Amino acid sequence: MIRTALTMAVMVVFAACKQTETPVVEPEIVDEITKEEALDLLHTWTNAYLKGDAGPLIEVLDDSWVYSGSGDGSTSNKIATIDEFSTADYSFDEIKYHDLDVQLYGDVAVVRGWEKMVILGSDKQDTTILKLRFTDVYQKKEGKVRAIATHSSPME
């Protein structure tokens, strides 16, 4: 009887110890972004500009996205950029990318290169050609890739 009571006591103590063990904390799973996903986002963005369709920009640009690179040092956010694009009296006739480089950092991609844009005025006659060196930063969260920052500088 003593042996049975002693065995039961040891089992109760062992069970209590098992319950107070520190739980194993699983490492947070990061959504790894791929080069293909980053380039797909860039091309979705480009196609929206070429088609004059602001709709895709809602998904392309994260709510925290900021553009910097204006000559006066000002910045623009997602809402202001989509509003400007939606009411613009110009259109994009051509956008070509050169020397693209994509660096991956877990859930973040940094896309660098330069772009040549041909912009048509409202009369479709006036043409402006812009060459810009740019850096885009994209992040993949909850399975979705979005732009979180853009900077560009004019090239001669």
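Check the entry above for the structure.
Residues numbered from 1 in each chain as written. Predicted model: local features only at pLDDT ≥ 70, side-chain atom pairs only at ≥ 80, totals over all residues. Heavy atoms only, no water.

This part is about helix H2 (residues 35–51). Given a rise of 1.5 Å per residue, 17 residues ought to cover 24 Å, and the 24 Å separating the end C-alpha atoms of H2 matches this to within 8%. Considered for burial, the residues of H2 that qualify are Ala38, Leu41, Leu42, Trp45, Thr46, Ala48 and Tyr49. Buried residues of H2, viewed axially, fall in a sector of 160 degrees; they line one side. Residues of H2 that are exposed and point more than 90 degrees away from the buried face comprise Glu36, Asp40 and Lys51. Phi for Gly52, located one or two positions after H2, is positive at around 70 degrees. (Helix = DSSP H or I, 4+ residues; strand = E, 2+ residues; numbered from the N terminus. Expected span 1.5 Å × (residues − 1). Buried < 20%, exposed > 50% of the residue type's maximum accessible area, 1.4 Å probe, protein only. Arc of directions from axis to C-beta.)

Right, let's talk about the pattern of salt bridges for a bit. Evaluation of the coordinates by the stated rule reveals four salt bridges. Notably, a salt bridge pairs Arg112 with Asp101, separated by 3.3 Å at the nearest N-O pair. With Arg112 in strand S4 (residues 108–120) and Asp101 in strand S3 (residues 91–105), this residue pair connects regions lying eleven residues apart in the sequence. What makes Asp101 partly exposed here is its relative accessible area of 30%. (Salt bridge = Lys/Arg side-chain N within 4 Å of Asp/Glu carboxyl O.)

Let us now look at the packing of aromatic side chains. Overall, the coordinates contain six aromatic pairs when judged by the stated rule. Between Tyr49 and Phe85 the ring centres are 4.6 Å apart and the planes differ by 25 degrees, which places this aromatic pair in the stacked class. Taken together, the residues span a long stretch of sequence, with Tyr49 in helix H2 and Phe85 in helix H4 (residues 78–87) at a distance of 36 residues. A residue is classified by how much of its surface remains accessible, and Tyr49, at 17% relative accessible area, is buried. In this structure Phe85 comes out as buried when scored by relative accessible area, which is 11%. Centre to centre, the rings of Tyr97 and Phe134 are 5.7 Å apart; their planes meet at 70 degrees, and the pair counts as edge-to-face. Separated by 37 residues along the polypeptide, Tyr97 in strand S3 and Phe134 in strand S5 (residues 127–141) bring together distant segments of the chain. Tyr97 gets classed as partly exposed once you look at its relative accessible area, which sits at 21%. (Phe/Tyr/Trp six-rings, centres within 6.5 Å; stacked < 30°, edge-to-face > 60°.)

Turning to its location among the elements, Gln139 is positioned in strand S5. A polar side-chain atom of Gln139 sits 2.9 Å from a polar atom in the side chain of Asp107. Ignoring anything within four residues of it in the chain, the contact list for Gln139 reads Asp107, Val108, Lys144, Val145, Arg146 and Ile148. (Polar contact = N/O pair within 3.5 Å; in protein donor to acceptor, adjacent residues only side chain to side chain. Contact = heavy atoms within 4.5 Å.)

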